[in-house]
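Per-entry structural report
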Amino acid sequence: KEFLVIYRSANSSKIIDLNSGSIYFGVLRGKLKKEKVFAGDFVEGEIRGEKFIIERILKRKNVLTRPPLANVDTVFIVMSLRNPNFDTFLLDNFL
């Protein structure tokens, strides 16, 4: 069974079961606590009550560091032309 990390903060994550849509509180198993888990990661693990123990992080297609996301297919950049004025330097930072 595959699960998807839909939310990640410093100490917690929310995991969704891709088959049933159930949402669990995610916890990293011992040796994985040093790994970084990103929203968008596909993970494998074990359900124990309301908790999901993450045992393995599956291979990522890509990673964005700001904001921390994994397996992103499409990114849209939306900027205004006026108010505030369009800034090419800011656009370069995004790209």
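These remarks concern the structure in this document. (Residues numbered from 1 in each chain as written. Predicted model: local features only at pLDDT ≥ 70, side-chain atom pairs only at ≥ 80, totals over all residues. Heavy atoms only, no water.)

To continue, consider the sheet that holds strand β2 (residues 13–17). Pairing is mixed around the closed barrel formed by five strands, whose spatial order is β1-β2-β3-β5-β4. Adjacent strand axes in the sheet meet at a mean angle of 50°, parallel and antiparallel pairs treated alike. In the sheet, strand β1 (residues 3–8) pairs with β2 via five bridges, with the strands oriented antiparallel. Within β2, the position partnered with Val 5 by the bridge is Ile 15. (Pairing = 2+ DSSP bridges. Helix = DSSP H or I, 4+ residues; strand = E, 2+ residues; numbered from the N terminus. Axes fitted to C-alpha atoms, helices over the stretch in contact; angles between N-to-C directions.)

Of all hydrophobic cores here, the largest spans eleven residues; its members are Phe 3, Val 5, Ile 15, Tyr 24, Leu 28, Leu 32, Val 37, Val 43, Phe 52, Ile 54 and Ile 57. Counting residues per element, the ones that place at least two in this core are β1, β3 (23–28) and β5 (51–57). Here this core takes three residues from β5, the largest share from any one element. Each residue touching Val 37, except ones within four places of it in the same chain, is listed here: Val 5, Arg 8, Leu 28, Ile 57 and Arg 60. (Core = buried A, V, L, I, M, F, W, Y, C linked by side-chain atoms within 4.5 Å. Buried < 20%, exposed > 50% of the residue type's maximum accessible area, 1.4 Å probe, protein only. Contact = heavy atoms within 4.5 Å.)

Mapping Asp 41 onto the fold places it in the loop between β3 and β4 (42–48). For Asp 41, the contacting residues outside a window of four places in its chain are Phe 3, Leu 4, Val 5, Lys 36, Ile 57, Arg 60, Ala 70 and Asn 71.

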